[in-house]
Number of protein chains: 2
Amino acid sequence: MEQAAVARNRKVVLREYISRAPREDDMVLVDGGTVVLRVPEGAAPAVLVKNLYLSCDPYIRGRMRDFHGSYIPPFTPGSVIEGLGLARVVDSTHPGFSAGDIVSGMTGWEEYSLIDKPEQLNKVQQNDIPLSYHLGLLGMPGFTAYVGFYEVCSPNKGEFVFVSAASGAVGQIVGQLAKLHGCYVVGSAGTNQKVELLKNKFGFDEAFNYKEEPDLTAALKRYFPEGIDIYFENVGGAMLDAVLLNMRAHGRIAVCGMVSQHGMTDPVGIHNLFYLVTKRIRMQGFIQSDYLPMFPQFLSDVTKHYRDGRIVYVEDVSIGLENAPAAFVGLFSGKNVGKQVVCVSQE
Amino acid sequence: MEQAAVARNRKVVLREYISRAPREDDMVLVDGGTVVLRVPEGAAPAVLVKNLYLSCDPYIRGRMRDFHGSYIPPFTPGSVIEGLGLARVVDSTHPGFSAGDIVSGMTGWEEYSLIDKPEQLNKVQQNDIPLSYHLGLLGMPGFTAYVGFYEVCSPNKGEFVFVSAASGAVGQIVGQLAKLHGCYVVGSAGTNQKVELLKNKFGFDEAFNYKEEPDLTAALKRYFPEGIDIYFENVGGAMLDAVLLNMRAHGRIAVCGMVSQHGMTDPVGIHNLFYLVTKRIRMQGFIQSDYLPMFPQFLSDVTKHYRDGRIVYVEDVSIGLENAPAAFVGLFSGKNVGKQVVCVSQE
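Residues numbered from 1 in each chain as written. Chains lettered and ligands numbered in written order. Predicted model: local features only at pLDDT ≥ 70, side-chain atom pairs only at ≥ 80, totals over all residues. Heavy atoms only, no water.

Some words on the relation of the copies chain B and chain A
Which entries qualify depends on this criterion: The fit set for superposing copies consists of C-alpha atoms from residues with pLDDT of at least 70 in both; the fit itself is least squares.
The operation relating chain B to chain A is a screw motion whose rotation component is 180 degrees, with 0.0 Å of axial translation and a residual RMSD of 0.0 Å. Taken together, the rotation angle and the small translation identify this as a two-fold axis. No C-alpha of chain B approaches the rotation axis more nearly than that of B:G269, which lies at 2.0 Å.

This is the structure we're talking about:
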């Protein structure tokens, strides 16, 4: 029998559970020894992949807590971080995959991963679209924007839409879909560079730097003199309170992020929920995976928009597995410009 | 021309705008002089009524503030308080109403009111049902419970339902409708007497006195070991935070009251909204008047339930217009047992 090749396999592992905002040193790059580049014999069908791109997403922070009541279980300290990734199949004993296939799905923050539930992987067709976009525009963030906007926000042409964290992985797509739908769209972000992107690259009608607004309620009043019909909520906290004051009757708030509240054991209180009643607001939390049957439609729609030049996408690519902890931590201070990914290997 | 009768007309007027919880002395009983018991000639069609019962409702507090952004405008200081009431027509120049008719609708906190928009009045059929129930079980609170439960909560048989302020005007009906729908129903109230009512009169599966629970989260965990599917939110504040921790995935929260927050310029913050996302909760504010086309169906359904003995109703009747301020203020400290009404006159 032919001798299988071997390779070194570096990994990023969680040091221990945290209950505050994540820091770089909560994760450690370790040498995982050598890995045999073949699926072990006698095991259930599995796929061995070489990881190409890893996706840095805020929800990963939730898995770093010692909390078992969520929709996704926590990591185990000392074990490799998991997240969505894009990878090339090196070996497969599953009939659906062959060496050379490009796949997306849950993988490890390491150079090679043995995927023992290959049915959760999706094959990705290589074409003119950048591979890493399958972690952003055409991946979970894009799908979050798509179902959040169309299914949760119930948008109508001409409505007033506000997006917070608007240059982020999800927000930039929400804003562009809302513009394509005929809405008036304003976004907020935390640097002037991002505000420029919103106005000049993503085509938002208006955008503002929330850090330069001493009074968020007044800022929203300025940008929405007639009020907000739809708020795509990505941040929580003071912005949500200011939005509640500025909503119109029968408004809708799609809640998917609250990234600013992720790291807090005592998150900022929301004080203006009474307006849910007086303005008959529907505020709905959602998770994209509840809508998976819509994924093919999403992929087809958004791919077409992208090819036709009606949607653009901005990502922030960190090069090298060793930079994954910094890239991930940067999400929580808004360091990333656009969708944050880590390139582990280009091929 | 026949000489019209006259009568003294006492009124309860708002002293000045308030921005805290209402106190008795925010309202003053004044002698409004004599009123001629005939609709003035030459005016637009109007109806002169003798008020029989007045409804004390928490939303009235919102009209005592100098705030014009709500769905209903504020009162004018020095003018009579308005609210829903039940009245007998004394004179009418509107073709839809005649002397002797019993009507419900917006009226003044006074002995006689001239209603210049009679199209908002509803004629009430006198039958075996107590007249005052048209302000409660068969009025706005009953309709709020009906549309809130069936239209906003999207209930399914066997689901776990929690109702706060459960012995109140709305809560007692929500709980009974939920039981009729095949749900498991728990209510909270602020005295042991009310808890007894919930269990022994309204047929809730369980009930507890929230003032005797040092840890609301633990209390809810005890009554809902599998979590809450539906929360009919009447109080806001700490209870809402505790509920968010105890909701099940895809739960629904119908928001109609937040009575504990009404009087506050700086309401208690809600800290657990992040669970809207992880549990995919829909939280929806609503106002019964948005559902008016369903009123006839409600009236027919609930009247039948009442006649068949499947629904009971408890009201707290204060006798005399002079007791209206105390009755209203009592709402905010939970003094009332059941729906609070004021009997101005029995005939």
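Let's pick the thread back up.
Some thoughts on the environment of B:F208
Residues and elements named next belong to chain B. Definition in use: Secondary structure counts use DSSP, requiring at least four H or I residues in a row for a helix and at least two E residues in a row for a strand, with both numbered from the N terminus. A simple rule labels every residue: compare its accessible area, found with a 1.4 Å probe on the protein chains alone, to the largest value its type can have, and call it buried under 20%, exposed over 50%, or partly exposed in between.
Relative to the helices and strands, F208 is located in strand β10 (residues 206-209). Judged by relative accessible area, F208 falls into the buried class, the value being 2%. Through-space distance from the C-alpha of F208 to that of L114 is 45 Å; in sequence the pair is 94 residues apart.

Focus on helix α5 (residues 237-246) of chain B
Of all the 10 residues making up α5(B), 8 are buried; the element is thus mostly covered by neighbouring parts of the structure. Residues of α5(B) that are buried: B:G237, B:M239, B:L240, B:D241, B:A242, B:V243, B:L244 and B:N246.

Some words on the domain arrangement of chain A
Residues and elements named next belong to chain A. Selection criterion: Domain start and end points were adopted from an automatic or database domain assignment. Throughout, a contact is declared for two residues whenever any of their heavy atoms are within 4.5 Å. Buried surface area refers to the total accessible area, computed with a probe of radius 1.4 Å, that the two partners give up upon joining, counted for both partners together. Throughout this entry, Asp, Glu, Lys and Arg are counted as charged residues, while Ala, Val, Leu, Ile, Met, Phe, Trp, Tyr, Cys and Pro are counted as nonpolar. The remaining residues, Gly among them, count as polar.
Taken domain by domain, chain A holds domain 1 (6-136 + 314-343) and domain 2 (140-289). Here domain 1 and domain 2 have C-alpha centroids that lie 29 Å from each other. Taken together, the contacts link 19 residues of domain 1 with 18 residues of domain 2. Here domain 1 meets domain 2 over a buried area of about 1400 Å², counting both sides, of which 64% is carbon and sulfur. For the side of domain 1 that touches domain 2, the class distribution of residues is 9 nonpolar, 6 polar and 4 charged.

Details of the interface of chain B and chain A
Spelled out, the test is: Counted as salt bridges are all cases of a side-chain nitrogen of Lys or Arg within 4 Å of a carboxyl oxygen of Asp or Glu. Here a polar contact means two N or O atoms within 3.5 Å. Within protein one must be a hydrogen donor candidate and the other an acceptor candidate, and residues neighboring in sequence count only if both atoms are side-chain atoms.
Contact residues are listed per partner, giving 31 residues for chain B and 31 residues for chain A. Both sides together, the interface formed by chain B and chain A hides about 2700 Å², and carbon and sulfur atoms give 65% of it. A per-residue breakdown of the area chain B buries against chain A is headed by B:F274, B:V277 and B:R280, which together make up 21% of the total. Linking chain B with chain A are 2 salt bridges. The partner of A:D290 in a salt bridge is B:R280, and the shortest N-O contact between them spans 2.7 Å. Applying the counting criterion to the chain B and chain A interface returns 6 residue pairs in polar contact (both at pLDDT 80 or more). For the side of chain B that touches chain A, the secondary-structure elements that each account for two or more residues are β12 (247-255), α6 (274-278) and β13 (282-285) of chain B. Considering each element in turn, the side of chain B that touches chain A owes the most residues, 5 residues, to α6(B).

Overview of the sheet that holds strand β8 (residues 160-163) of chain A
For clarity, the cut-off: Should DSSP find at least two bridges between two strands, the strands are taken to pair. For helices, the axis comes from a line fit to the C-alpha atoms of the stretch in contact; other axes are also lines fit to C-alpha atoms, and the angle between any two N-to-C directions lies between 0 and 180 degrees.
A sheet is described by the order of its strands in space; here 12 strands give the open sequence β10(A)-β9(A)-β8(A)-β11(A)-β12(A)-β13(A)-β13(B)-β12(B)-β11(B)-β8(B)-β9(B)-β10(B), paired in mixed fashion. Bordering the open sheet on either side are β10 (206-209) of chain A together with β10 of chain B, each of which pairs with just one other strand. Taken pair by pair, the neighbouring strands of this sheet meet at an average axis angle of 15 degrees, ignoring direction. Lying on the sheet, helix α4 (residues 216-223) of chain A is in contact with β8, β9 (184-189), β10 and β11 (228-233) of chain A; it crosses β10(A) at an angle near 165 degrees. This element, helix α1 (residues 140-152) of chain B, spans β11 (228-233), β12 and β13 of chain B of the sheet and lies at about 150 degrees to β11(B).

Description of the pattern of salt bridges
Evaluated as defined, the whole model comprises 34 salt bridges over all chains. Of the charged contacts in the structure, one is a salt bridge between A:E82 and A:R63, with a shortest N-O distance of 3.6 Å. On the criterion of sequence distance, the pair formed by A:E82 in strand β4 (residues 82-92) and A:R63 in the loop between β3 (47-55) and β4 is long-range, its members being 19 residues apart. Assessed through its relative accessible area of 6%, A:R63 is described here as buried. With a closest N to O distance of 2.9 Å, B:D26 and B:R20 form a salt bridge. B:R20 gets classed as partly exposed once you look at its relative accessible area, which sits at 31%. The network of salt bridges with shared partners includes A:R10, A:E111 and A:E322.

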